[in-house]
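# Tertiary structure, described
This is what each chain is made of:
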Amino acid sequence: MFNWNDLKYFLAVARHGSTLAAARTLKVNQSTVQRRLVDLEEQLKLRLVERSPSGYRLTPAGEAVLAAAEGVQSAVEAFERVSNEVAHAHILRLTCPEPIADRLVRSGFLDRFQGKYPDLSVEFILADRYIDLAKGEADVALRSGDTEDVLVGRKVADSLWAVYASRDYVQRRGAPASVAEIGQHAVVAFDSSLSGHRLSVWLRDVAPNANVAARSNSVLGLVSAVKSGVGIAALPTPLGDGDPDLTRVLPPVPELSRAWRLLCHPDSRRLYRVRSFFDFVGTQIEELKPVLTG
């Protein structure tokens with residue numbers, strides 16, 4: 001009997017065309033992907049992939065078993081969702097950015113929810129990456145920006161980003177009078193791991209030759225760097241406006257605006273805890289807007 005867990009390595013290579021890209025997706029070493037793929041081929045006594053000048057491609061045997069492997073993955077994900085439902089029947093697992101979790105608590109939103117639904121409790125699931133709702137890692141998400149098509153939900157507020165600097169920086173270097181002047185200032189930016197983020201794309205467009213004084217792989221890292229006075233950056237307005245050490249030097253940037261949405265997986269939408277949370281949020285839109293937009 002082969003190890004079912006090895007199928008995810010095969011599927012990742014099939015989808016991304018290389019063991020390096022598969023390793024990045026699975027957050028493991030490239031050697032781990034290669035070893036587990038070889039193990040699977042030996043257990044099945046089939047050659048599933050072969051190297052080509054452009055990477056890896058499926059062999060006829062790999063093509064033949066691909067759909068079945070995807071079926072196993074879907075079945076495992078469905079099993080995880082059901083088991084999570086049984087294990088967390090009265091716990092609503094909410095994922096959102098760390099600063100928003102803090103603001104939700106301080107705003108009294110969670111107290112009001114648990115006052116209305118005393119049989120439910122809320123557990124925050126926080127991480128730098130997007131938590132996977134399809135895999136049952138959380139029940140609901142408050143999320144801005146791009147999201148998976150499979151998720152369902154509703155818009156709650158607008159996500160706005162404006163340009164901020166520390167008061168010390170403004171005293172020393174002044175402030176840009178327009179977006180066109182950003183390239184004349186030291187800037188704080190995301191690192192290469194977030195090169196596809198809308199902030200990174202926008203900054204490359206408006207200030208391609210900007211002097212990058214600091215880089216970070218998180219929004220909170222951007223905030224800390226701007227507070228230190230090393231440079232300016234576009235930040236979510238709740239964080240920038242809510243920090244007394246920062247000052248807004250340019251208004252919200254249209255290219256960075258997105259919608260805050262409350263999201264869940266379709267299979268979870270009718271669960272009591274999820275349905276209750278969606279219903280409650282529907283009564284709290286006006287109260288949530290300042291929490292999410294500053």
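Preceding block: the structure.
Quick look at the structure, then. (Residues numbered from 1 in each chain as written. Predicted model: local features only at pLDDT ≥ 70, side-chain atom pairs only at ≥ 80, totals over all residues. Heavy atoms only, no water.)

## Points about the side chain of Ser-276
Within the secondary structure, Ser-276 sits in helix H11 (residues 272-282). Under the relative-accessibility criterion, Ser-276 is labelled buried at 3%. Among the polar contacts listed, one links the side chain of Ser-276 to the backbone oxygen of Tyr-272, at a separation of 2.7 Å. Apart from the residues within four sequence positions on either side, Ser-276 is in contact with Phe-113, Tyr-117 and Leu-120. (Helix = DSSP H or I, 4+ residues; strand = E, 2+ residues; numbered from the N terminus. Buried < 20%, exposed > 50% of the residue type's maximum accessible area, 1.4 Å probe, protein only. Polar contact = N/O pair within 3.5 Å; in protein donor to acceptor, adjacent residues only side chain to side chain. Contact = heavy atoms within 4.5 Å.)

## A look at the sheet that holds strand S4 (residues 121-125)
The strand order across the open sheet formed by 5 strands is S4-S3-S5-S12-S6, and the pairing between neighbours is mixed. What marks the edges here is a single partner per strand, and that holds for S4 and strand S6 (152-159). When the angles between neighbouring strand axes are averaged without regard to direction, this sheet yields 20°. Pairing of S6 with strand S12 (residues 258-264), which is carried by 7 bridges, proceeds in the antiparallel orientation. Its bridge partner lying in S12, Gly-153 is registered against Leu-263. Sheet strands in contact with helix H12 (residues 285-293) are S6 and S12, and its direction is about 60° off that of S6. (Pairing = 2+ DSSP bridges. Axes fitted to C-alpha atoms, helices over the stretch in contact; angles between N-to-C directions.)

## Here we look at the layout of surface pockets
Here the second largest pocket defines a volume of roughly 800 Å³. Lining the second largest pocket are 24 residues, and of these Lys-8, Leu-26, Gln-73, Glu-77 and Lys-135 sit closest to its centre. Put simply, the parts of the chain that give the lining of the second largest pocket at least two residues each are helix H1 (7-16), helix H2 (19-26) and helix H4 (60-87). When the residues that make up the lining of the second largest pocket are grouped by side-chain class, the tally is 11 nonpolar, 4 polar and 9 charged. (1 Å grid on protein atoms, 1.4 Å probe; cavity = no way out; pocket = protein on both sides within 12 Å on 5 of 7 lines; lining within 4 Å. Points joined across faces, edges and corners; volume = space filled by probe spheres on them. Nonpolar A, V, L, I, M, F, W, Y, C, P; charged D, E, K, R; others polar.)

## Describing empty space enclosed by the protein
Counting across every chain of the model gives 1 cavity of 30 Å³ or more. In this structure, the largest cavity occupies an estimated 60 Å³ of space. Around the largest cavity sit Val-163, Ile-182, Val-187, Val-188, Leu-199, Trp-202, Leu-203, Ile-232, Ala-233 and Ala-234, which together line it. Here the element with the most residues in the lining of the largest cavity is helix H8 (residues 198-206); it accounts for 3 residues.

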